[in-house]
Every structure is written in structure tokens, then in C-alpha cells.
Amino acid sequence: MAPVFKQITIIGVGLIGGSIARAALEKGAAVEVVLFDGNADALTRAGEIGFGKPVASIEDAVRDADAVFHCVPVGAMGATAKASIGAMKSGAILTDVGSVKGNVAREFRGLGRDDVHVIPGHPIAGTEKSGPDAGFASLFEGRWCILTPDAGASAAYVEATDRLAAFWTALGSNVERMDAQRHDLVLAVTSHLPHLIAYNIVATAHDMENVTDGEVVKFSAAGFRDFTRIAASDPIMWRDVFLNNREAVLEVLGRFDDDLTALRKAIRNGDGQKLFDVFTHARGIRREIIDAGQDTAVPNFGRDMDGKK
Ligand code: NAP
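All residue numbers here refer to positions counted from 1 along the written sequence of the relevant chain. Only residues with pLDDT of 70 or above have their local features reported here, since the model is predicted, and side-chain atom pairs are shown and tallied only from 80 upward, although totals for entire chains, interfaces and linings are computed over all residues. Calculated side-chain values reflect all of the structure's heavy atoms, with hydrogen atoms and water omitted.

Undergrad: Before we go on, may I ask you to explain the pattern of salt bridges in this structure?
TA: Side-chain pairing between opposite charges can occur once the charged atoms of the two side chains come close. We count a salt bridge whenever a side-chain nitrogen from Lys or Arg sits within 4 Å of a carboxyl oxygen from Asp or Glu. Counted by the stated rule, this structure contains 12 salt bridges. Residue D133 is joined to R45 by a salt bridge in which the shortest nitrogen-to-oxygen separation is 2.8 Å. Pair noted here: D133 is in the loop between strand 7 (121-123) and strand 8 (144-147) and R45 is in helix 2 (residues 40-49), with a separation of 88 residues, a long-range link. Throughout this description, buried means an accessible area under 20% of the type-specific maximum (1.4 Å probe, protein chains only), exposed means over 50%, and partly exposed covers the range between. Classification of D133 as partly exposed rests on a relative accessible area of 48%. Look at R45 and you get partly exposed, because its relative accessible area is 32%. A salt bridge links R287 to D291, with the nearest nitrogen and oxygen atoms 3.3 Å apart. Placement of the pair is R287 and D291 together in helix 12 (residues 272-291), with a separation of four residues, close to one helical turn. By relative accessible area, R287 is classed as partly exposed at 44%. Taking the relative accessible area as the measure of exposure, D291 reaches 57% and is therefore exposed. Here the salt bridges do not stand alone but share partners, grouping R45, E48 and D133 into one network. Where helices and strands are cited, they refer to DSSP runs of H or I of at least four residues and of E of at least two residues respectively, numbered from the N terminus.

Undergrad: Teacher, can you tell me more about the environment of V116 here?
TA: Mapped onto the elements of the fold, V116 is located in the loop between helix 5 (102-109) and strand 6 (117-119). By relative accessible area, V116 is classed as buried at 5%. In sequence terms V116 and I93 are 23 residues apart; their C-alpha atoms lie 5.9 Å from each other. By the convention used here, residues are in contact when the closest approach between their heavy atoms is within 4.5 Å. Apart from residues no more than four positions distant in its own chain, V116 is found in contact with I85, M88, K89, A92 and L94.

Pasting the structure below:
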């Protein structure tokens with residue numbers, strides 16, 4: 001496959017940045033990968049692993065890049081873009097991987113370089129791990145990557161968006177273009193609310209642990225364990241997601257509250273039919289996710305049944 005870009009630069013060499021770098025090199029989507037990170041230890045470690053060339057200054061790192069990927073927490077995107085845009089070459093692409101798009105797009109809009117193509121993005125792929133050792137080249141295979149380009153832009157911008165889409169396709173992703181506001185609402189339902197619920201369940205269980213004398217941890221395989229995996233996600237990343245997608249999360253949380261109240265009422269009233277109907281419907285949605293190739297139908301999420309994995 002012909003490389004999509006001659007050089008890309010990754011700002012933030014953690015799980016997502018490190019995975020893009022590995023995948024780009026392994027799949028030949030870029031000839032050269034240059035790396036920058038505000039964390040000197042992470043940058044050194046990335047160089048040791050060898051998924052790109054570490055550069056100590058953000059300006060030097062982006063100077064010759066055809067595309068710059070900002071892979072830092074959402075709250076840091078504005079600062080890294082601002083610090084580097086002046087050094088970017090004309091016609092290059094500035095993109096990101098942030099889990100929130102509306103606020104990031106607003107931050108990017110005021111950067112003042114009309115000759116740089118700003119195209120926000122979000123790969124819907126990840127794990128609960130962080131840092132340069134956490135990434136892997138196959139992370140994006142069969143996963144969606146959403147791009148939220150400006151509407152009604154120039155032919156050169158459309159061409160740049162097509163190139164960025166081709167890059168994600170080369171990494172194994174399916175690419176979808178979407179309005180930033182719609183992205184934030186959809187992700188509030190599918191990702192942000194589930195993380196909030198997981199963090200909250202773990203907090204409640206921790207408080208209950210005093211009452212249950214260690215039994216929450218002992219019998220965690222009953223369902224709680226799966227929430228703890230989600231709740232092990234990076235606290236900085238998730239703090240920034242909720243601070244930057246406030247409106248959509250509050251809207252979805254309101255709907256969730258209403259549905260929870262209905263379930264509470266059904267339990268209180270002994271309304272088995274209502275509970276059965278809601279649970280049956282939910283089971284059907286799980287089937288749809290498996291049929292869409294977004295998860296495995298293997299029992300226990302593919303874990304060993306003795307629970308060791
Ligand atoms: P990560 O593993 O923690 O890596 C982020 C890296 O960026 C860290 O090395 C961090 O250093 C560095 N950094 C933080 N602030 C910086 C700054 N101001 N300047 C330069 N470097 C800075 O994070 P990640 O999981 O890859 O997430 C990165 C982005 O991807 C986030 O915006 C997140 O919303 C998005 N995303 C994540 C997932 C997921 O599942 N994790 C999925 C899709 C999208 P320190 O360690 O010192 O902070």
C-alpha cells in the first residue's frame with residue numbers, strides 16, 4: 001500500500017497516540033512518525049519502544065509533518081494546538097483523537113492559520129490502560145473513527161479530509177463523518193454515561209464494603225468486576241470528558257434518571273411484566289452489537305471461565 005502521509009507527528013504518546021504510531025508504521029500508512037509529549041519520561045519510553053522518533057520541542061516536532069495528531073487529554077488539546085500551529089507547514093492537517101468534539105473544535109477554530117486544515121476526529125477504540133506501553137497496532141481494526149470536518153469548506157479542505165479518512169481506513173477503521181454536536185450526544189449515551197455509572201457503582205460498592213465485610217471484592221465476578229474494568233480508566237481523561245461535554249451528558253443523564261425511576265417503581269410495585277419487557281429489550285440490543293461485530297459472543301466476554309483472565 002502506498003503511504004497516505006510522508007510524515008505524521010503524534011503529540012501525546014500514550015495509549016491512543018502510541019497505537020496510531022505503531023499502526024501507521026506497521027501498516028505503511030506513514031513513512032515517518034515523529035513524537036512529542038509533555039511528559040519527558042513518556043517520550044523517552046516511546047523512543048525506547050521504537051514507535052517513532054522522539055523530539056524534545058513541540059515546534060520542531062510538527063515542522064515537517066503532513067498531519068499532526070493531538071492525542072492528549074481533551075482539556076489539554078487547545079494548549080498543544082496553540083503551542084504548535086505556528087510552526088506547521090502550509091497545507092498540513094491538524095487533527096485530534098479527543099473523546100469530545102464540540103469544545104475541541106471550538107478551541108481549534110480560533111488558531112488563526114487558514115492555510116492549515118483543521119479536521120477534528122475520534123477513534124471509537126480504546127482500553128482502560130494509559131501510557132506508551134499500553135498501545136498496540138491493531139487497536140483500530142474493525143472499529144469506527146468519526147471525523148467532524150467543517151461543512152461547506154474549500155475543495156482543498158475536502159481533499160485533506162479524504163486523505164485523513166484514507167489514513168484511518170489504512171489503520172483498519174471504518175470512517176464516518178458527523179456533525180460535532182451529534183457526535184457529542186451519541187457518545188454521551190454510548191460511552192460517557194456508562195463510564196459515569198461505572199465510576200458511581202464502584203464508589204457505592206466501596207462505601208458498602210464496610211457493611212459487607214470484604215464480600216463485594218470476594219464475589220465481584222457476579223457483575224461488579226466488569227464495571228471495575230471501565231472504572232479503572234484514566235481519571236484525567238474522564239474528568240476532561242465530563243467538563244467538556246456537560247450539556248449532552250446532563251441531557252442523557254436526565255433520560256437515564258427517568259428510566260431508573262420507572263424501574264424502581266416496577267420493583268416496588270412487583271411489576272414483573274415491566275421488568276421482563278425492559279430486560280428482554282436490552283438483551284436484543286446486546287445481540288445487535290454482536291451482529292455488528294462490535295463485541296464477541298463468547299461467554300464471559302472471552303475470559304477463562306475460572307475467572308483468571
Ligand atoms: P494517555 O495514555 O494518558 O496519554 C496521553 C499523553 O499525553 C500522556 O503521556 C500525557 O502525559 C500527555 N500529555 C498530557 N497533557 C499534555 C500536554 N499539555 N502537552 C503534552 N503532552 C501532554 O491518554 P490516552 O488514553 O491515549 O488518551 C488521549 C486522548 O485520546 C484523550 O483526549 C482521550 O479523550 C482520547 N481517547 C481515549 C480513548 C481511551 O480509551 N483511552 C479512546 C478514544 C479516544 P502525562 O501522563 O504526564 O499526563
